[in-house]
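Letter by letter, the chains look like this.
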Amino acid sequence: MNFLSPGKLRFSTKFTFILSLIISVLVIAETQKQYNSYKRERCKLLGQTAAYMFQSEINSYIAVNDIVESMIIETEGSLSHFDQVAQNLTSRLPALYSLQLAPKGVVTKVYPLSAYEGIGENLFNMSDTKISSSYSLKTKKPYLTGPLTLQKGKKVIMIQHPVFLPDTNGSEKFWGFSIIMLDCKTLFSKQTLEFLNDEEYSWCLWKPDPQTEEIYTLAGNTDIRNIKKPCEAIFGVTNSLWTLYTVPAEGWVNWQLLVIEELLALAICISLALISNFLFTVRNKDAELENLSYRDTLTSLYNARKFMEMLREFQKTQKPYALIYMDLNDFKQINDTLGHETGDEVLIITGRKLSNCLREDDRAFRIGGDEFTVILPGDYEPKFVEIVINRIKESVNRENVLKNTRLKITASAGFALYPADGDNYEEIIKIADNGMYEDKRKIKEAKQKEIEELKNEK
C-alpha cells in the first residue's frame with residue numbers, strides 16, 4: 001500500500017521542526033546583527049554630536065581668556081577695568097566660576113573674591129599649578145588643569161592662558177596669566193550632555209592627565225568601568241584630549257526582545273511541525289482511503305473500480321494495451337466442498353502468483369469472485385500475450401499447499417488487443433471474456449477426453 005509509515009511521518013515532522021528552527025536561528029541572528037549595527041551607528045552618531053556640542057560649549061568659555069588678553073594688551077597691563085569686565089563675563093556664562101589675573105605668575109586679581117582664597121600665591125611654586133605654569137610659559141599656549149578640588153570643596157577645571165606684551169624692541173615680554181575656573185557641576189549638567197540620559201544611554205566623559213596619564217572622570221551617569229564596548233568620540237580641549245564613551249543603557253543586546261523573538265520562533269517552529277504533521281496525516285489518510293477504494297480487500301490486487309478507470313484512461317489517451325481475462329476452473333466446487341475459508345486462501349495465493357508473473361508496469365485486478373484480469377500497457381503481438389498467459393497458468397496450476405489440504409488448481413484465460421481487436425474497452429472486455437470461455441471449453445474437452453481414454457484402457 002502506497003502511504004507513509006508512522007516512522008516516516010514522525011521523521012517528516014522532526015525534519016520540519018529542525019529545519020524551521022535552523023531557519024529561525026539564522027533569521028534571529030541576522031536580525032540581531034542588523035539591529036546591533038543600527039544601534040552602534042546611532043550610538044556613534046549621538047556620541048559624536050554630544051562631543052561636538054560640548055567642545056563648542058567649552059570653547060566659548062576658553063574664549064574668555066582671549067577677551068581678557070585683549071584687554072590687558074590694549075591697556076598695556078593695566079588692571080583698572082578688570083572687575084567690570086569680569087562681572088560682565090561671569091553674569092553671561094553660568095559655568096564661569098571665577099576669573100583671575102596673575103602678573104608674573106602671582107595671583108593679584110580674583111573675581112569674585114569669594115571664589116578663591118589664594119590671592120598672592122605664586123603659580124610657579126604651587127604643587128597643583130607648577131607644571132602647568134612652566135609648560136604654558138614655555139609653549140606660549142593655554143594649559144588645562146583639573147578637575148581640581150578647591151578648599152571650599154568646589155570641583156573646577158582651571159585653564160591658564162599666558163599673556164605676552166610687545167616691548168620696545170619688537171619682541172614679546174611675558175606679562176603673566178589670565179586664568180578661568182569652570183564649575184564642573186554647572187558645566188557638565190548642561191543640556192549638551194544631559195540629552196544622552198533622555199535617549200537612554202550610559203555615558204562617561206573622561207580625560208587623561210597629560211603628565212601622569214591618570215584618568216580623570218569629568219562627568220557621566222555611570223562609572224567608566226561599567227561601560228563595555230563603548231562608542232568613542234575624541235575631541236581636543238587646549239592641551240588635552242577628552243573622550244566621550246557612550247553605550248545603550250540596556251547594553252548592546254536587548255535581552256527582552258531576544259527572548260520574545262526566540263519564543264515567537266519556537267512557537268512558529270512548533271506550529272509548522274504540527275501543521276506538517278497534520279498535512280502528512282491527512283495526505284496519508286487520503287492515500288490510504290484511496291488505496292482502499294481501489295484495492296481488493298482479500299488479495300490486495302486492484303479492484304473492478306480501478307480496472308474500469310484504467311480502461312477508460314487508456315481509451316481516452318488512445319494508448320495501446322493487452323487485456324487478459326482469467327478465472328479459476330471449478331472454483332465453486334472448492335467453496336462447496338472445502339468451505340469459503342479455503343476458497344479465500346486459494347484466491348489469496350492466486351493473486352500472489354499472478355503478481356509475481358508480471359512486470360513492474362503491468363497491472364493485475366480481481367474483479368469479482370474468482371475472476372482476474374491483467375492489463376499489459378503497450379503494443380504487443382498475440383504471441384507475446386500467449387507467452388505471458390502460459391507463464392501465469394503454469395504458476396497457478398502448481399499444487400497449492402493450504403492449511404488443511406493440498407490442491408491443484410487450473411485457470412482459463414483469454415485476451416484481446418487494443419486497438420487491434422476493438423475500438424472501445426467494452427469490445428475488448430467482451431473479446432477477452434469470450435476467449436477465456438473458449439479456453440475453458442477446450443480445457444473441459446481435453447479433460448473429458450482424458451477420462452474417456454482412461455476408461456477405455458480399463
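*Asks:* Looking at this model, I keep getting lost on the overall build of the protein. Mind explaining?
*Replies:* Counting its regular elements, the protein contains eleven helices and 15 strands. Considering the protein as a whole, with its 458 residues, one finds that 41% of them fall into the buried category. A separation of at least 24 residues holds for 62% of the contacts in the protein among residues at least 6 apart in sequence. Accessible area for the protein stands at about 26,200 Å²; split by element, carbon and sulfur atoms hold 54% of it.

*Asks:* Would you explain the sheet that holds strand 2 (residues 109–111) in this entry?
*Replies:* Paired through their backbone hydrogen bonds, the strands of a sheet run either parallel or antiparallel. With antiparallel pairing, five strands are arranged side by side in an open sheet as 2-1-5-4-3. Strands with a single pairing partner mark the edges of an open sheet, and in this sheet they are strand 2 and strand 3 (143–149). Averaged over all pairs of adjacent strands, the angle between strand axes in this sheet comes to 20°, irrespective of strand direction. The pairing of strand 1 (residues 96–103) with strand 5 (residues 172–183) spans seven bridges and is antiparallel. Counted as the bridge partner of Ala102 is Phe177 from strand 5. In this fold helix 3 (residues 130–139) packs onto strand 3, strand 4 (155–166) and strand 5, with an angle of close to 35° to the strand it touches most, strand 4.

*Asks:* How should the pairing of strand 8 (residues 231–237) be read in this particular structure?
*Replies:* Looking down a regular strand, the side chains alternate between one sheet face and the other. Covered by surrounding structure in strand 8 are Cys231, Ala233, Phe235 and Val237 only, the residues Glu232, Ile234 and Gly236 on the alternate face being uncovered. Between strand 8 and the antiparallel strand that follows it, strand 9 (residues 240–248), lie two residues; Thr238 among them carries a positive phi value of about 50°.

*Asks:* Would you mind showing me how to read the sheet that holds strand 7 (residues 215–220) here?
*Replies:* Ordered in space as 7-6-9-8, the four strands form an open sheet in which the pairing is antiparallel. Of all the strands in the sheet, the pair left with one neighbour each is strand 7 and strand 8. Averaged over all pairs of adjacent strands, the angle between strand axes in this sheet comes to 25°, irrespective of strand direction.

*Asks:* How should I be thinking about unusual backbone geometry in this particular structure?
*Replies:* Working note: non-glycine residues mostly have negative phi, and peptide bonds are mostly trans. A cis amide bond links Tyr111 with the next residue in sequence, Pro112, at an omega value of -10°. Following the sequence through the fold, Pro112 ends up in the loop between strand 2 and helix 3. Here the amide bond leading from Tyr418 into Pro419 is cis, since omega sits at 5°, within 30 degrees of zero. If you trace the backbone, Pro419 turns up in the loop between strand 15 (411–418) and helix 11 (425–457).

*Asks:* Would you take a moment to explain the layout of surface pockets for this structure?
*Replies:* In this approach a probe as big as a water molecule rolls over the atoms, and the regions it shows empty are the leftover space. If you add up the space inside the largest pocket, you get close to 470 Å³. Forming the boundary of the largest pocket are 21 residues, of which Asn329, Asp330, Gln333, Thr410 and Lys447 lie nearest the centre. Listed by contribution, the elements that provide at least two residues to the lining of the largest pocket are strand 10 (321–328), helix 8 (331–338) and helix 11. Taken together, the residues of the lining of the largest pocket break down into eight nonpolar, five polar and eight charged.

Conventions and cut-offs
Residues numbered from 1 in each chain as written. Predicted model: local features only at pLDDT ≥ 70, side-chain atom pairs only at ≥ 80, totals over all residues. Heavy atoms only, no water. Helix = DSSP H or I, 4+ residues; strand = E, 2+ residues; numbered from the N terminus. Buried < 20%, exposed > 50% of the residue type's maximum accessible area, 1.4 Å probe, protein only. Contact = heavy atoms within 4.5 Å. Areas by Shrake-Rupley, 256 points an atom, 1.4 Å probe, with all protein chains shown as cover. Pairing = 2+ DSSP bridges. Axes fitted to C-alpha atoms, helices over the stretch in contact; angles between N-to-C directions. 1 Å grid on protein atoms, 1.4 Å probe; cavity = no way out; pocket = protein on both sides within 12 Å on 5 of 7 lines; lining within 4 Å. Points joined across faces, edges and corners; volume = space filled by probe spheres on them. Nonpolar A, V, L, I, M, F, W, Y, C, P; charged D, E, K, R; others polar.

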